[in-house]
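Structural overview for review
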Amino acid sequence: MAAGGLLGATGRYWAPMANAVGIAGLLPGSSRQFVWRHGSPFRLGIAAGAPRSDGFTLWTRLAPEPLLAEAVDDPAADFGLAGMPGDQGDIEIGYEIAHDPEMRQIVRSGAARAEAAYAFSVHLDVTGLAPGRPYWFRFISGDAVSPIGRAVTLPAADVETPGARIGVASCANFERGYFSAYRHLAAETPDLVVFLGDYIYENAHHDGVVRQHSDGTAATTLAQYRRRHAQYRLDPDLQALHAYVPCLITWDDHEVQNDYAGNWSETFDDPTRFRRRRAAAYQAFYEHMPLPTSSRPHGPDMRVYGTTGFGDLINIQLLDGRQYRSREACYGPVDGGGGHMETLRHCPELAEPSRSLLGLEQEAWLYDQLQQSRARWNIIAQDVLMAPFLEAQPAPEHGFGYATDRWDGYPAARRRLLQHIHAAQPANPVVVSGDIHSFWANDLHLDPRDTASPLVAHEFVGTSITSHGPDYAALMRNMADNPQIRFCDTRQRGYMLLEIERQHLTAHFRAVSDVTDPQASLATLRSFVIENGALGLQGA
Ligand code: FE
Ligand code: CA
């Protein structure tokens, strides 16, 4: 690999091909052909996302030297462009979509734009395809060809759909271990994977590190966030998952900073300054995800929430639990900036109805989507634990403590959502959550702390891919006070697989043997079943 950055021994990083030969020469619309002097620009792999009944979004990013720091001594000249020249404008590359994994039966081909302003990432929104079937795709640039990926179109909304298998993943800290969970999830060949956040970690650890973040420092600049995403995308298990399984993705806190809320950083940064960091992090997120171009960021604002329908069987409401949040309750240097414990007596602000986890606009949108949904299963996919989990405080007269970073920190907003679900009666509502690095199966009641009040929905939490779990014994000491928690185990890493059929939904909690072993094996810890039309967890 060239150490010299943009200008290698040959003068230019890439060069026009003298004779356009090979696949690129045959592509319509591929106006420029390149010889990639320093190896393939497709080292970060490919991905498909945002599946729809007539298409999907295909992603890649041209990055021949993914972790290259252009100017270590001058952060202002460091753009994290992975060896691509910043002054050449957009680059057109070719793409092909086929009916078969051998790419023999091409159904679509043409030119896609790798945008210089977005680190030469490609977000190709494809429409006009047939519903409910797999496709395969690849990108081509000059003498370089990407790996082949699989994408799917979903069944149309009115089509009776027998079943779907959906993987749910969260919290993949590269420093904490290998991504064997991603490898095993890919091997299950689900229809979709939903990422619930902490897909990267912005921070850097010094103890308990299995493999290190490349720069050993917390990402705060666009170049640093780009390299962090690029490092994750170099992981072979993650690449294989993206190559085979299309995804939906939302974020949690670590895509930007631990426990941030809206414009409010854990470290009490000036909100204007923090919004610049958030803009850098959101842009890098967009650049590395198969998000539709409608998600393109506008400074510190970026839309990731939305509805995905899977025939008449499932609606997935994918939420954004970070961007529009109210500040954490009793935010300040005395109580804390990010997640901390508060009691209602000490912090009455907790219960203020004006506080929202989703923001009032997203709340209204969600209520409307749930009201309109005719799907048999209504999945609400979001970042943090929704069920109450109250922890006894050292001084008993203070009552129970609420963790401010979860829905417990926004109790009025949680009550509004559960009341709305209860009133609108979408069929079979099931919440899936991440963030807490442990498996949970929970009952969500109309009054969430009162298990005598009507049961409104269930919640499953699918542990972490690698990130350390909370202390098991400490959590278990509080279980008697939390009868809405039907199952909890913090000691396993892994993911969740949802098998959804017309008459029941099964949530499998899959656990890997050891995150420090790149060849870790897989076992099923528990499986829970919900029958169509009958809330109540079987197997708890
Ligand atoms: Fe996490
Ligand atoms: Ca988190």
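Residues numbered from 1 in each chain as written. Chains lettered and ligands numbered in written order. Predicted model: local features only at pLDDT ≥ 70, side-chain atom pairs only at ≥ 80, totals over all residues. Heavy atoms only, no water.

**Remarks on the packing of helix α6 (residues 360–372) against helix α7 (residues 411–424)**
Inclusion rule: Here, axes are lines fitted to C-alpha atoms. For helices the fit covers the stretch in contact, and angles between N-to-C directions go from 0 to 180 degrees. Per the convention used, a helix needs a DSSP run of H or I reaching at least four residues, while a strand needs a run of E reaching at least two, with both numbered from the N terminus. Here the angle decides the label: under 35 degrees means roughly parallel, over 145 means roughly antiparallel, 65 to 115 means roughly perpendicular, and every other value means oblique. By definition, turning the near helix anticlockwise from the far helix through less than a right angle yields a left-handed crossing, and turning it clockwise yields a right-handed one. Note on definitions: a residue-residue contact is assigned when non-hydrogen atoms from the two residues lie within 4.5 Å. Residue polarity is assigned by list, with Asp, Glu, Lys and Arg as charged and Ala, Val, Leu, Ile, Met, Phe, Trp, Tyr, Cys and Pro as nonpolar; anything else, Gly included, falls into the polar class.
The geometry of α6 relative to α7 is characterised by a closest axis approach of 9 Å and an angle of 20° between their N-to-C directions. On the basis of the axis angle, α6 is roughly parallel to α7. α7 is crossed by α6, and the crossing has right-handed handedness. Residue-level contacts link Leu360, Glu363, Leu366, Tyr367, Leu370 and Gln371 of α6 to Ala413, Arg416, Leu417, His420, Ile421 and Ala424 of α7. Here the residues of the contact of α6 with α7 sort into eight nonpolar, two polar and two charged.

**Some details on the sheet that holds strand β18 (residues 391–392)**
Inclusion rule: For two strands to count as paired, DSSP must find a minimum of two bridges between them.
In spatial order, the strands read β16-β19-β18; together these three strands make up an open sheet with antiparallel pairing. Each edge of the sheet is formed by a strand with only one pairing partner; in this case those strands are β16 (341–342) and β18. Relative to strand β19 (residues 400–403), β18 runs antiparallel, the two sharing two bridges. Bridging from a neighbouring strand, Ala392 pairs with Phe400 of β19.

**Focus: the pattern of salt bridges**
The line we're drawing: Whenever a carboxyl oxygen of Asp or Glu lies within 4 Å of a side-chain nitrogen of Lys or Arg, that contact is scored as a salt bridge. Accessibility here uses a 1.4 Å probe with only protein chains present; expressed as a share of the type maximum, an area under 20% marks a residue as buried, one over 50% as exposed, and anything in between as partly exposed.
Inspection of every chain in the model, using the stated rule, returns 28 salt bridges. Of the charged contacts in the structure, one is a salt bridge between Arg228 and Asp215, with a shortest N-O distance of 2.6 Å. With Arg228 in helix α3 (residues 222–233) and Asp215 in the loop between β12 (192–195) and α3, this pair connects stretches of sequence that are 13 residues apart. The class of Arg228 is buried, set by a relative accessible area of 1%. Between Arg414 and Asp408 there is a salt bridge, and its shortest N-O distance comes to 2.9 Å. The exposure class of Asp408 is buried, given its relative accessible area of 0%. Connected via shared salt-bridge partners are Asp252, Arg322, Arg325, Glu328, Asp383 and Asp405.

**Regarding α7**
Rule in force here: One less than the residue count of a helix, multiplied by 1.5 Å, gives the span that helix is expected to have.
With 14 residues, α7 extends 20 Å from end C-alpha to end C-alpha; this agrees with the ideal 20 Å at 1.5 Å per step. If you check which residues of α7 are buried, you get Pro411, Ala412, Ala413, Arg414, Leu417, Leu418, His420, Ile421 and Ala424. Those residues of α7 that are buried lie in contact with α6, β17 (377–381), β20 (429–433), β21 (439–445) and β22 (455–462). Among the residues trailing α7, Gln425 stands out with phi positive, at a value near 55°.

**Topic: the coordination of the iron ion (ligand 1)**
Between any two of four tetrahedral donors, the ideal angle at the metal is 109.5 degrees; between two of six octahedral donors, it is 90 or 180 degrees. In plain terms, the rule: Nitrogen, oxygen and sulfur within 2.8 Å of a metal are treated as its donors, or within 3.2 Å for sodium, potassium and calcium (Na, K, Ca); water is not counted, so a site can appear incomplete. Think of it this way: with four donors and all angles in the 85 to 135 degree range, the site is tetrahedral; with four or six donors, opposite ones beyond 155 degrees and the rest between 65 and 115, it is square planar or octahedral; otherwise it is irregular.
Binding of the iron ion (ligand 1) to the protein goes through Cys171 (SG), Asp198 (OD), Tyr201 (OH) and His437 (NE2), at separations of 2.0 to 2.5 Å. Metal-centred angles of 85 to 165° between the four donor atoms at the iron ion (ligand 1) mark the site as irregular. Taken as a pair, the iron ion (ligand 1) and the calcium ion (ligand 2) show a spacing of 3.7 Å, with Asp198 coordinating each metal. On the criterion of sequence distance, the pair formed by Asp198 in the loop between β12 and α3 and His437 in the loop between β20 and β21 is long-range, its members being 239 residues apart. As far as the burial class goes, Asp198 and His437 line up, both buried.

**Observations concerning the state of the cysteines**
Formally: Sulfur atoms of two cysteines make up a disulfide when they are within 2.5 Å.
Enumeration over the complete set of coordinates arrives at one disulfide. Disulfide pairing is shown between Cys330 and Cys347; the S-S distance is 2.1 Å. Between Cys330 and Cys347, the S-S dihedral sits near 110°, and the bridge is therefore right-handed. Taken together, the positions of Cys330 in the loop between β15 (314–318) and β16 and Cys347 in the loop between β16 and α6 put the pair 17 residues apart, joining distant regions of the chain. Residue Cys488 stays outside any disulfide, its sulfur separated by 14 Å from that of Cys171, the closest cysteine.

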